Amino acid sequence: MKTQTTPLDDAPEVLRTVKGILIETVSQVLGRTPQFNEMLCIGNYPNMSMGWHQDGERGVGPVVSSMSFGGEAVMKFCMHKKYLVGRGGKGGGYAYDTILPGCLEEEAKRALMAKLVSGEYNEKQYREQFKALMNSIKVPSNTKKPILEFPLPGTGALMIQFGPSLNKRYEHMVENKGIARLVLTCRTLE
Ligand SMILES: [Fe+2]
């Protein structure tokens with residue numbers, strides 16, 4: 001994608017105004033002031049969609065906030081395949097202590113965890129059972145199943161993504177409805 005970059009301090013006043021509104025709103029909602037130092041300005045043609053992706057490249061802070069102008073859109077979240085199938089641990093290994101709502105065999109995994117907590121299983125037994133359970137499951141061919149659909153109702157719609165693991169454990173996509181949509185997204189690059 002061809003992009004054009006301008007230092008944020010030299011950006012048009014309207015962009016700096018939006019940055020100020022996003023900082024103010026995030027501060028009120030989260031009780032902490034984000035140090036946004038980047039703004040992505042992306043235009044979407046009518047009915048264009050942005051496919052499944054994460055905003056969490058290395059060095060991006062835990063708060064991402066955006067404001068939309070123009071058409072309505074729906075932002076959908078799904079679990080990253082690694083976490084859906086029980087992986088996501090170090091080096092792609094099993095994530096024994098990360099059982100996310102909606103992951104495959106969630107109930108069975110929680111039952112195993114309960115046995116670990118109660119002392120019925122020791123750590124080794126728990127890990128063996130966890131591995132066996134995960135090896136026995138049939139992974140669906142399409143793992144991009146939305147677990148949250150978040151409406152963005154046109155001009156002024158404001159979105160805050162917060163949490164260091166949100167853009168690691170989950171992916172999101174945006175479906176634009178009708179007219180063109182401009183999105184201004186503030187992030188913190190460390
Ligand atoms: Fe995104």
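Residues numbered from 1 in each chain as written. Predicted model: local features only at pLDDT ≥ 70, side-chain atom pairs only at ≥ 80, totals over all residues. Heavy atoms only, no water.

The chain goes by Alpha-ketoglutarate-dependent dioxygenase AlkB-like domain-containing protein in an unreviewed UniProt entry, where it is assigned to Apiospora hydei.

Once that is clear, we can look at the overall build of the chain. Helices and strands together make up the secondary structure of the chain, namely five helices and six strands. Each helix (α) and strand (β) of the chain, taken in turn from the N terminus, gives the series α-β-β-β-α-α-α-β-β-α-β. In terms of overall dimensions, the chain has a C-alpha envelope of 60 × 35 × 30 Å along the principal axes. Counting only residues that meet the buried cut, the chain has 37% of its 190 residues in that class. For the chain, the proportion of contacts with a sequence separation of at least 24, taken over those separated by at least 6, is 80%. For the chain, the exposed area adds up to about 11,300 Å²; of that, 53% sits on carbon and sulfur atoms. On the chain, the mean spot of the 24 positive side-chain charges and the mean spot of the 19 negative ones are 7 Å from each other. (Helix = DSSP H or I, 4+ residues; strand = E, 2+ residues; numbered from the N terminus. Buried < 20%, exposed > 50% of the residue type's maximum accessible area, 1.4 Å probe, protein only. Contact = heavy atoms within 4.5 Å. Areas by Shrake-Rupley, 256 points an atom, 1.4 Å probe, with all protein chains shown as cover. Lys, Arg positive; Asp, Glu negative; His and termini not counted. Charge placed at Lys NZ, Arg CZ, Asp CG, Glu CD.)

Take helix α4 (residues 123-136) next. End to end, α4 covers 20 Å across 14 residues, agreeing with the expected 20 Å (1.5 Å per residue, within 8%). On the buried face of α4, the contacting elements are α3 (106-118). With a side-chain oxygen lying 3.1 Å from the backbone nitrogen of K124, the N-terminal cap of α4 falls on N122. (Expected span 1.5 Å × (residues − 1). Polar contact = N/O pair within 3.5 Å; in protein donor to acceptor, adjacent residues only side chain to side chain.)

With that out of the way, let us pick up the packing of α3 against α4. Close contact between α3 and α4 brings their axes to 9 Å; oriented N to C, the two are set at 170°. Of the possible angle classes, the one that applies to α3 and α4 is roughly antiparallel. On α4, the residues touching A108, K109, L112, M113 and L116 of α3 are E123, Y126, Q129, F130, L133 and M134. Here the residues of the contact of α3 with α4 are counted per class, giving eight nonpolar, one polar and two charged. (Axes fitted to C-alpha atoms, helices over the stretch in contact; angles between N-to-C directions. Parallel < 35°, antiparallel > 145°, perpendicular 65-115°, else oblique. Nonpolar A, V, L, I, M, F, W, Y, C, P; charged D, E, K, R; others polar.)

Every protein donor of the iron ion is listed here as H53 (NE2), D55 (OD) and H172 (NE2), and their distances to the metal cover 2.1 to 2.3 Å. We note that the donor set of the iron ion lies within a single chain, spaced as H-x1-D-x116-H. On the basis of relative accessible area, H53 is assigned to the partly exposed category, the value being 21%. (Donors = N, O, S within 2.8 Å, 3.2 Å for Na, K, Ca; no water.)

So, about the layout of surface pockets. Considered as a void within the structure, the largest pocket measures approximately 870 Å³ in volume. At the level of elements, β1 (38-44), β2 (49-53), β3 (63-79), β5 (158-162) and β6 (170-187) are the ones that each hand at least two residues to the lining of the largest pocket. Tallied by class, residues from the lining of the largest pocket come to 16 nonpolar, twelve polar and six charged. The computed volume of the second largest pocket comes to approximately 210 Å³. Around the second largest pocket, the lining comprises 15 residues; the ones closest to its centre are G56, V60, G61, P164 and K168. (1 Å grid on protein atoms, 1.4 Å probe; cavity = no way out; pocket = protein on both sides within 12 Å on 5 of 7 lines; lining within 4 Å. Points joined across faces, edges and corners; volume = space filled by probe spheres on them.)

Here we take up the pattern of salt bridges. Per the counting criterion, the structure on display carries eight salt bridges. Among the salt bridges present, the one from K76 reaches E149, with a minimum N-O distance of 4.0 Å. With K76 in strand β3 and E149 in strand β4 (residues 148-152), the pair connects residues that are 73 residues apart, well separated along the chain. On the accessibility criterion, K76 (13% relative accessible area) is buried. A residue is classified by how much of its surface remains accessible, and E149, at 48% relative accessible area, is partly exposed. With its nearest N and O atoms 3.3 Å apart, the salt bridge here joins K177 to E175. (Salt bridge = Lys/Arg side-chain N within 4 Å of Asp/Glu carboxyl O.)

Another aspect to go through is the nonpolar core. Core analysis: the biggest nonpolar cluster contains 16 residues, and M79, L112, Y126, F130 and M134 have the highest contact counts within it. Looking at this core, the elements with two or more residues in it are α2 (81-84) and α4. If one sorts the elements of this core by residue count, α4 sits on top with four residues. Core analysis: the next-biggest nonpolar cluster, separate from the first, contains twelve residues, L8, A11, V18 and V63 among them. (Core = buried A, V, L, I, M, F, W, Y, C linked by side-chain atoms within 4.5 Å.)

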